[in-house]
Amino acid sequence: MKSITINGSERESVGKKATKALRNAGKVPCVVYGGEKPLHFSADELAFKNLVYTPNAHTVKVDLDKGDKLKAVMQDIQFHPVTDRILHVDFYQLFDDKEVSMEIPVRLQGNSPGVRNGGRLLFRNRKLTIKALPDNLPDFFDIDISNLKIGDNILVESLLNDDFSILQPESTVVVQVKTARAAIEVEEEDEEGVEGVEGAEGTEGATETAAEGGEAPKEGAE
């Protein structure tokens, strides 16, 4: 998984006045959990641009001015209700031998024949929560929908992997194609075509029998 570096300064004071002063200076108060004790620091608001305003998942390298460096993932973020400015960010520290839970985005690949035939594509879960060691965290779940016909779906169970655990139930629908009023099933048309050919062959056989002097079977006759 790709990592983003955030340069920050450790905070010695975490009171309301100090926090307000940081925000007025364009800084974002942050805290990292998961270690021996919570680590408080601040960073420029612009440093979070590529971490927050993107659908992609990233790990974070926190590089502090006192020399401390650590790996983390973003756990929570608070925005101002009016201005949408970032007010506070919580991180969780990563350790190479300790699993972590993280939301991973889902990307759809290909074109569904069910959609081309009038079905509706329903993207039920755009993110999946997984638990894995940091080195096994994927960037995305890429799902091929090029064989997804009307009535078909893709479940979590088809995405299981030995490198991580998916925390949603295996029966969870990720994406599906539902029938729309104007939908046409290509397979049904093919089947009807085959039945029509077989019926035509039966009629042809009856005509040949009548031509040879035999009597074609009448409807209702045993």
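The coordinates are above.
The structure contained in this document is the topic of the report that follows. (Residues numbered from 1 in each chain as written. Predicted model: local features only at pLDDT ≥ 70, side-chain atom pairs only at ≥ 80, totals over all residues. Heavy atoms only, no water.)

1. Examining the sheet that holds strand β9 (residues 127-132)
The line we're drawing: Pairing between strands requires that DSSP locate at least two bridges from one strand to the other. A run of H or I in DSSP counts as a helix once it spans at least four residues, and a run of E counts as a strand once it spans at least two, with each numbered from the N terminus.
Within the open sheet, the four strands sit side by side as β10-β7-β9-β12. Their pairing is mixed. Across the chains shown, the open sheet's two edge strands, defined by having one partner strand only, are β10 (141-144) and β12 (165-166). Sheet topology note: the strand β7 (residues 100-109)/β10 ladder contains four bridges and is parallel. Within the sheet, the bridge partner assigned to R107 lies in β10 and is D142.

2. Quick word on the sheet that holds strand β13 (residues 173-178)
Whether parallel or antiparallel, the strands of a sheet pair through hydrogen bonds between backbone atoms. Note the cut-off: To obtain each axis, a line is fitted to C-alpha atoms, and for helices this fit is confined to the stretch in contact; angles are then taken between N-to-C directions over 0 to 180 degrees.
Strand order in this open sheet of three strands is β8-β13-β11, and the pairing throughout is antiparallel. Two strands lie at the open edges of the sheet, namely β8 (120-123) and β11 (153-155), each paired on one side alone. Here the strands of the sheet are splayed against their neighbours by 10° on average, with no regard to which way each runs. For β11 and β13, the ladder comprises three bridges, and the chain directions are antiparallel. Note that in β13 the partner of L155 across the bridge is V173.

3. Comments concerning unusual backbone geometry
Residue D84 is not a glycine yet carries a positive backbone phi of 65°. In this fold, D84 is placed in the loop between β5 (69-79) and β6 (86-93).

4. Structural notes on the pattern of salt bridges
What counts, and what does not: A pair is scored as a salt bridge if a Lys or Arg side-chain nitrogen falls within 4 Å of a carboxyl oxygen belonging to Asp or Glu. Only protein chains enter the accessibility calculation, which uses a 1.4 Å probe. A residue is then buried if its area is under 20% of the maximum for its type, exposed if over 50%, and partly exposed in between.
In this structure the tally under the stated criterion is three salt bridges. Here K27 and D44 are joined by a salt bridge, their closest N and O atoms 2.6 Å apart. Pair noted here: K27 is in strand β2 (residues 27-33) and D44 is in strand β3 (residues 39-44), with a separation of 17 residues, a long-range link. R107 is the salt-bridge partner of D142, the closest N and O atoms lying 2.8 Å from each other. Within this pair, whereas D142 is found in strand β10, its partner R107 is found in strand β7, the two being separated by 35 residues in sequence. Judged by its relative accessible area of 45%, D142 falls in the partly exposed class.

5. Quick look at the environment of V73
This is how it is decided: Any two residues having at least one pair of non-hydrogen atoms within 4.5 Å are treated as being in contact.
Among the structural elements, V73 can be located in strand β5. Taking the relative accessible area as the measure of exposure, V73 reaches 0% and is therefore buried. C-alpha separation for the pair V73 and V100, spaced 27 residues apart in sequence, amounts to 8.8 Å. Residues in contact with V73, not counting those within four places in the same chain, are T59, D90, F91, Y92, L94, V100 and M102.

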